[in-house]
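Observations on the model geometry
Okay, here's what each chain looks like letter by letter:
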Amino acid sequence: LMADMSINCRSDRYQDTLIFAWTMVAIYPIGFPLFCFYVLYRHRRQLNPKVDVTAEHQELIRSSGNLFRVSSTRQMEIDIDQRSQDLELQRFAFLYEEYEPQCWWYAVA
């Protein structure tokens, strides 16, 4: 492979390529994550629903030695069940399904 010094990198052809390249740099690594965050942010209340489980599981919570852990684990399970039943969220479930409900934005980070 040899360098061809007769090629002018300041010609219109290469300037158009440069503009295209910088546009793609802005769209792919910056624009796509911003768009994903926008979609997740718009649906954040559906992704992290606050379902009241304390009344439903009073006996389980009372009998547990570690009140906070049982309560928060059960809360998370119910929140995940709630968001998995939401048909509107299924279009972009690949962005959040691996994360806990309160971590809905982790796919962008």
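It should be emphasised that the depicted structure is a prediction, and the values quoted were computed from it without experimental measurement. Along each chain, residue indices are assigned from 1 in the same order as the chain's sequence is written. With the structure being a predicted model, the display of local features is reserved for residues of pLDDT at least 70 and the display and counting of side-chain atom pairs for 80 or more, all residues being used for whole-chain, interface and lining totals. Side-chain measures here rest on the full set of heavy atoms in the structure, leaving out hydrogens and waters.

**Let's talk about the overall build of the protein chain**
Here is the rule: We count a stretch as a helix when DSSP gives it H or I for four or more residues in a row; a strand needs E for two or more, and each element gets its number in order from the N terminus. Burial status follows relative accessibility: with a 1.4 Å probe on protein chains alone, a residue under 20% of its type maximum counts as buried, one over 50% as exposed, and anything between as partly exposed. Working rule for contacts: check all heavy atoms of both residues, and any pair within 4.5 Å makes them a contact. Note on areas: Shrake-Rupley with a 1.4 Å probe; residue coverage comes only from the protein chains shown.
Secondary structure assignment for the protein chain yields 4 helices and 0 strands. Taken from the N to the C terminus, the helices and strands of the protein chain come in the order α-α-α-α. Taken over 109 residues, the protein chain has a buried fraction of 20%. Contacts in the protein chain between residues at least 24 apart in sequence constitute 59% of all its contacts with a sequence separation of at least 6. Accessible surface computed for the protein chain: about 8800 Å², of which carbon and sulfur atoms make up 59%.

**Topic: the nonpolar core**
The following threshold applies: Remark: nonpolar core denotes a set of buried residues (Ala, Val, Leu, Ile, Met, Phe, Trp, Tyr, Cys) joined through side-chain atoms within 4.5 Å.
Formed by Cys 36, Val 39, Leu 40, Leu 47, Leu 89, Phe 92, Ala 93, Leu 95, Tyr 96 and Trp 104, the largest nonpolar core amounts to 10 residues. Here the element with the most residues in this core is helix H1 (residues 12-42); it accounts for 3 residues. Discounting residues that sit within four places of it in the chain, Cys 36 has contacts with Leu 95 and Val 108.

**Examining the packing of aromatic side chains**
This is how it is decided: Aromatic rings from Phe, Tyr and Trp, with only the six-membered ring used for Trp, were paired whenever their centres fell within 6.5 Å, and each pair was classed as stacked if the ring planes differed by under 30 degrees, edge-to-face if by over 60, and tilted otherwise. Cation placement over rings: the criterion is NZ of Lys or CZ of Arg within 6 Å of the ring centroid and within 35° of the ring normal.
Taken as a whole and judged by the stated rule, the model has 6 aromatic pairs. Ring geometry for Phe 37 versus Tyr 41: centroids 5.8 Å apart, planes at 25°, classification stacked. Remark: Tyr 41 and Phe 37 occur in helix H1; sequence separation between them is 4 residues, near one turn of the helix. A relative accessible area of 41% means that Tyr 41 is categorised as partly exposed. Through a chain of ring-to-ring contacts, the aromatic side chains of Phe 37, Tyr 41 and Trp 104 assemble into a single cluster. The ring of Tyr 41 has Arg 44 sitting right over it, with the charged end atom 3.9 Å from the ring centre.

**A closer look at the environment of Ala 93**
Tracing the backbone shows Ala 93 in the segment after helix H4 (67-84). It is 9.6 Å that separates the C-alpha atoms of Ala 93 and Arg 83, two residues lying 10 residues apart in sequence.

Treat this as a map of the structure, not an account of what it does.
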